[in-house]
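Below, each chain spelled out in residue letters.
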Amino acid sequence: MSAHNPVVLSTSSVYPEATASGFELAARLGYDGVEVMIGIDPVAGDIDRVEALRDFHEVPVLSIHAPTLLVTQSTWGTDPWHKLHRSGEAAKRLGAKVVVVHPPFRWQRKYGRDFVEGIKRLNKHFAPIKFCVENMYPWRSVVGQFMAYLPYWEPTDLPHDYLTLDLSHASTAHRSSRDYAAVWGKRLQHVHFTDGSGSFKDEHLMPGEGDQEAFELLDDLVADGYQGQIVLEVNSRRAGNRAAREALLGQALIDIRTRLGQDVAEGTRRHTEDALELVLTAAPEDLGPDPRGALGPDWRDG
C-alpha cells in the first residue's frame with residue numbers, strides 16, 4: 001500500500017489545451033496536484049496567473065518543470081542559471097517541492113561544464129526544494145546518433161543528489177526504467193509516469209502502452225519505500241477533443257491509484273465514466289475540436 005505518493009497531472013499532458021485546462025482537469029478528476037511546465041504557453045511563465053489558477057481551482061502546485069527544453073529556450077531569457085534560479089523562486093512562492101531540470105544542450109558548453117556543481121548550489125540554496133535532474137536520451141536518426149546533452153544524457157554516473165525518472169525518455173534511450181530505479185536508489189526523487197515503444201521519438205504514451213513495464217515499476221517503487229510524486233506526463237493530442245482527453249486522464253488516475261493501493265474517489269470514477277459515455281454517444285460536432293495549435297511545436301521536442 002502506498003497512500004503517501006501524490007499522483008500529479010503535468011499541465012503538458014493536456015496539450016494542445018492550455019495551462020488553465022491542466023488545473024481545471026486536475027481539479028475535476030481528483031489529482032493531488034499539478035506539475036507546471038514553464039513556457040508551454042504564456043500563462044505558465046506568469047507566476048501571478050499560475051498562483052491565481054492554483055487558488056481558484058484549489059489544486060496545489062507540487063512541482064515545476066524549468067524552461068530548459070528546445071521549445072522554451074527563450075522563456076525567461078536565455079541565461080540558463082537565471083532560468084533555474086527563477087524556477088526555484090517560483091517553486092518557493094507556489095509551495096512546490098520539486099524543480100525538474102533537463103541537462104544542458106551540447107552547444108551550451110560553459111553551462112555544461114558548471115552544471116553538476118551548479119545544481120548542487122541550487123539544492124543548497126533552495127532547500128528543502130529539490131532540483132531533480134532528468135534522464136534524457138541520444139538523439140537518433142537514419143544517419144546515426146547525436147549526443148545532444150552535457151555532461152551526458154545519462155545521469156546515473158554523475159554525482160547529482162536528486163534525479164527524475166522519465167519512462168518515455170528511458171524507452172527512447174533503449175533503457176529500462178525499472179533498472180534505473182533499482183540503481184538510483186534514494187537518489188530517485190521524482191517520476192514522470194508515461195511509456196514508450198523504443199522509437200527514436202520521445203512518445204510519452206499512456207502508461208502500459210509501451211515497453212517500460214510501467215505498472216510493475218510502481219510495484220517496485222512501493223516495495224522500495226519511494227515517497228516522491230508520480231506525475232502523469234503523457235501525450236494526449238490523439239484524444240482530439242476534451243471529452244476523450246478527460247476520459248484518458250481520468251482512467252490513468254484510476255489505474256495509478258489502484259496499483260498504488262490508494263482509494264479512488266467517487267468523483268474521479270463518475271467524471272471519467274461521464275466523459276467516456278460522451279465520447280461513445282455524442283455526435284462529433286458536439287465534442288468540439290481541439291484548440292488551434294495541435295500541429296504546432298511539441299513540448300517534448302528536446
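Please refer to the structure higher up on the page.
For the structure given in this document, a descriptive report is provided here. (Residues numbered from 1 in each chain as written. Predicted model: local features only at pLDDT ≥ 70, side-chain atom pairs only at ≥ 80, totals over all residues. Heavy atoms only, no water.)

Within the protein chain, the regular secondary structure consists of 10 helices and 10 strands. A globule of 302 residues ought to have a C-alpha radius of gyration of about 19 Å, and the protein chain, at 18 Å, matches this closely. With the C-alpha coordinates aligned to their principal axes, the bounding extent of the protein chain is approximately 55 × 45 × 40 Å. Out of the 302 residues belonging to the protein chain, those deemed buried represent 56%. Approximately 13,000 Å² of the protein chain is accessible, and the part contributed by carbon and sulfur atoms is 53%. Both charge centroids of the protein chain, one from 32 positive and one from 43 negative side chains, sit 8 Å from each other. (Helix = DSSP H or I, 4+ residues; strand = E, 2+ residues; numbered from the N terminus. Rg over C-alpha atoms; globule rule 2.2 N^0.38 Å. Buried < 20%, exposed > 50% of the residue type's maximum accessible area, 1.4 Å probe, protein only. Areas by Shrake-Rupley, 256 points an atom, 1.4 Å probe, with all protein chains shown as cover. Lys, Arg positive; Asp, Glu negative; His and termini not counted. Charge placed at Lys NZ, Arg CZ, Asp CG, Glu CD.)

Moving on, we get to the sheet that holds strand β5 (residues 130-134). Ordered by their spatial adjacency, 8 strands build a closed barrel running β1-β2-β3-β4-β5-β8-β9-β10, and the pairing between neighbours is parallel. Each strand axis lies, on average, 30° off the axis of its neighbour in the sheet, ignoring direction. The pairing of strand β8 (residues 163-166) with strand β9 (residues 188-193) spans 4 bridges and is parallel. What sits directly across from L163, in β9, is L188. Each of β8, β9 and β10 (229-232) touches helix α7 (residues 214-224); the most contacted strand, β9, lies at about 160° to it. (Pairing = 2+ DSSP bridges. Axes fitted to C-alpha atoms, helices over the stretch in contact; angles between N-to-C directions. Contact = heavy atoms within 4.5 Å.)

Per the stated rule, a full pass over the model turns up 17 salt bridges. Note that E24 and R28 form a salt bridge whose closest N and O atoms lie 2.8 Å from each other. Of this pair, E24 and R28 both sit in helix α1 (residues 19-29), 4 residues apart, roughly one helical turn. Taking the relative accessible area as the measure of exposure, E24 reaches 26% and is therefore partly exposed. Judged by relative accessible area, which is 30%, R28 ranks as partly exposed. Put simply, E154 and R175 hold a salt bridge, and the shortest N to O gap is 2.8 Å. (Salt bridge = Lys/Arg side-chain N within 4 Å of Asp/Glu carboxyl O.)

Right, let's talk about the packing of helix α2 (residues 47-57) against helix α3 (residues 80-94) for a bit. The interhelical angle for the contact between α2 and α3, taken along N-to-C directions, is 30°, at an axis separation of 11 Å. Considering their axes alone, α2 and α3 lie roughly parallel with respect to each other. Two packed elements cross with a definite hand, and for α2 against α3 that hand is right-handed. Contacts from I47, D48, V50, E51 and R54 of α2 reach α3 at A90, R93 and L94. (Parallel < 35°, antiparallel > 145°, perpendicular 65-115°, else oblique. Left-handed = near helix turned anticlockwise from the far one by under 90°.)

Moving on to the environment of A26. Following the sequence through the fold, A26 ends up in helix α1. Setting aside its immediate chain neighbours within four residues, A26 contacts L9, Y31, G33, V34 and V59.

This brings us to α2. Because each turn of an α-helix spans 3.6 residues, side chains separated by three or four positions end up pointing in the same direction. Among all positions of α2, only I47, V50, L53 and R54 are buried. All buried residues of α2 lie within an arc of 115° about the axis, which places them on one face of the element. Structurally, α2 contributes buried residues whose contacts are with α1, β2 (33-37), β3 (61-65) and α3. A distance of 3.2 Å separates the backbone nitrogen of D48 from a side-chain oxygen at the start of α2, and that oxygen is part of D46. Following α2 by one or two positions, E58 has its phi on the positive side, about 55°. (Arc of directions from axis to C-beta. Polar contact = N/O pair within 3.5 Å; in protein donor to acceptor, adjacent residues only side chain to side chain.)

Here the bond from A127 into P128 is cis, since omega is 10°, no more than 30 degrees from zero. Assignment of secondary structure puts P128 in the loop between α4 (109-126) and β5. Geometrically, the link from L150 to P151 is a cis peptide bond, its omega value of -10° lying close to zero. If you trace the backbone, P151 turns up in the loop between β7 (144-146) and β8.

The values are spatial; any link to function lies outside them.
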